[in-house]
Amino acid sequence: APAGRRMCPLGWLGVATLCLGTLWAVPAEERRKVEKPKAELTLYENLDLDNYDVTLENYGDILDLSNYEELYDYGDLVPKIEVGTLAPRPKEPKTLPELGETTAGTPKVQPPGGAAPVPAVPIPGQGPPSCLPCLCLGSSVYCEDAGLERIPALPPHTAFLYARFNRIRALRAADFRGLEKLKRIDLSSNSISWADADAFRGLPSLQELLLPENRLTALPELPRSIVRLDARLNRIPSAGLRPEAFRDLKQLQFLHLSDNQLDFIPVPLPESLRSLHLQNNNIQTMHEDTFCDSQEQGHIRRALEDIRLDGNPINLSLFPSAFSCLPRLPTGRFS
């Protein structure tokens, strides 16, 4: 009996050794699989991925190209646009066109910065109108030097239209119908000789209207939201302006009508006006109330600091009371 009791501890030791051997016999790879999820959880537990959920609904909030024209100097893009240059389709449909190539029927457009060409076609599922033959980037539409003879169909969300150096001859009310977000229209250097009286009336957001170097003989009605009007180098006489055309434009700051055929300064001018360019017209006289209110002796028109009347057959020294309320004298002939 005493010998049996002495063997008991040795028996338990053998059993314990067998159990430990079985545990360590589990392959190391299996042990790593068990431990791996805990390690990954520790590695990523501090990452904040709440704002990384990109869907079709919030994609526009994450990538906003509405201010594209402010991020890039669009002048660099002008010589890179080629319209009407076609190339055959690639042999492999899944292969993207190389730089300088286009698919059949799609104008070749080179965006700024030397990036790959962007085909001017609508995104599938968004429906008409397409941007052909223009380039649509966010809310901006670029149609410069595209051989256009009329305003093309524009997407309803268009905010900025650039259509310089074309052959557009007329502006119709239907050209801009429904474009309530349109803020800037640049139609410089076209052949526009006619504009419907209500061509811009239905544009409540329009702030800048650029029409220099055209053939206009009359200005259409302007929306009250307008801030900048540039109609230099046209053929507009004083009779081509509506009576008191600018009186109710309370946000107008820049009015540039130089190199036209005006006979007088278009009064009354809104108090918001900061810059008035009327050089190289046919203005010969002005009234004492042209800029200042003769009924208010202490009236000072602080905003209007830039007036150009040079190149007109008018002697400004004959009308000193007309400038008494201005912070600066107009530029022109005083002798």
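It should be noted that the structure appears before, not after, this text.
We now turn to the structure provided with this report. None of these values were measured; they are calculated from a predicted model.

Scanning the chain from terminus to terminus reveals four helices and 13 strands. With 335 residues in all, the chain has 37% of them scored as buried. By sequence separation, contacts in the chain at least 24 residues apart represent 43% of the contacts at least 6 residues apart. When the accessible surface of the chain is summed, it comes to about 20500 Å², and 55% of that surface belongs to carbon and sulfur atoms.

Once that is clear, we can look at the pattern of salt bridges. This structure, assessed with the given rule, holds ten salt bridges. Among the salt bridges present, the one from Arg232 reaches Asp230, with a minimum N-O distance of 2.8 Å. Given a relative accessible area of 28%, Arg232 falls into the partly exposed group. Among the ionic pairs, Glu244 bridges to Arg247, the shortest N-O distance being 2.7 Å. Each member of the salt-bridge network shares a partner with another, and the members are Arg184, Glu208 and Arg228.

Our focus in this paragraph is unusual backbone geometry. The omega torsion of the bond from Leu132 to Pro133 falls at -5 degrees, within 30 degrees of zero and hence cis. Note that Pro133 resides in the loop between strand S2 (108-109) and strand S3 (135-137). A cis amide bond links Val267 with the next residue in sequence, Pro268, at an omega value of -5 degrees. As for its placement among the helices and strands, Pro268 is situated in the loop between strand S11 (254-256) and strand S12 (275-277). One non-glycine residue, Leu233, adopts positive backbone phi at about 55 degrees.

Here Ser191 shows up in the loop between strand S7 (184-186) and strand S8 (194-195). Distance in space between the C-alpha atoms of Ser191 and Leu216 is 8.4 Å, their sequence separation being 25 residues. What Ser191 contacts, discounting residues up to four positions off in sequence, is Asn166, Arg167, Ile168, Arg169, Asn214 and Arg215.

Right, let's get into the nonpolar core. Ranked by size, the top nonpolar core spans 57 residues in total, and within it Ile185, Phe246, Leu276, Met286 and Phe291 carry the most contacts. Once residues lying within four places of it in the same chain are set aside, the contact partners of Phe246 are Leu219, Leu222, Leu229, Leu241, Leu252, Leu255, Leu257, Pro266, Pro268 and Pro270. Grouped together as the second largest cluster of nonpolar side chains are six residues, Tyr142, Ala159, Phe160 and Tyr162 included.

In this section: the packing of aromatic side chains. Under the definition given, this model contains four aromatic pairs. Summarising the aromatic geometry, the rings of Phe176 and Phe200 are spaced 5.5 Å apart at their centres and angled 35 degrees between planes, so their arrangement reads as tilted. One end of the pair, Phe176, is in the loop between strand S6 (170-171) and S7; the other, Phe200, is in the loop between S8 and strand S9 (208-210), and 24 residues separate them in sequence. Counting every residue linked through ring pairs, the aromatic cluster contains Phe291, Phe323 and Phe334.

Right, let's get into the sheet that holds strand S10 (residues 228-230). Pairing between the strands of a sheet comes from backbone hydrogen bonds, and it takes one of two forms, parallel or antiparallel. Strands sit in the order S3-S4-S5-S7-S9-S10-S11-S12-S13 across an open sheet of nine strands; the sheet is mixed. Looking at the sheet topology across the chains shown, the edges are occupied by S3 and strand S13 (306-308). Within this sheet the neighbouring strands show an average axis-to-axis angle of 5 degrees, counted without direction.

This part is about a positive patch on the surface. Together, Arg167, Arg169, Arg215 and Arg235 make up a positively charged patch on the protein surface. Structurally, the position occupied by Arg235 is in the loop between S10 and S11. Judged by its relative accessible area of 44%, Arg235 falls in the partly exposed class.

About the cut-offs
Residues numbered from 1 in each chain as written. Predicted model: local features only at pLDDT ≥ 70, side-chain atom pairs only at ≥ 80, totals over all residues. Heavy atoms only, no water. Helix = DSSP H or I, 4+ residues; strand = E, 2+ residues; numbered from the N terminus. Buried < 20%, exposed > 50% of the residue type's maximum accessible area, 1.4 Å probe, protein only. Contact = heavy atoms within 4.5 Å. Areas by Shrake-Rupley, 256 points an atom, 1.4 Å probe, with all protein chains shown as cover. Salt bridge = Lys/Arg side-chain N within 4 Å of Asp/Glu carboxyl O. Core = buried A, V, L, I, M, F, W, Y, C linked by side-chain atoms within 4.5 Å. Phe/Tyr/Trp six-rings, centres within 6.5 Å; stacked < 30°, edge-to-face > 60°. Pairing = 2+ DSSP bridges. Axes fitted to C-alpha atoms, helices over the stretch in contact; angles between N-to-C directions. Patch = residues over 30% accessible without salt bridge, like charges linked within 9 Å, V, L, I, M, F, W, Y side chains within 5 Å. Lys, Arg positive; Asp, Glu negative; His and termini not counted. Charge placed at Lys NZ, Arg CZ, Asp CG, Glu CD.

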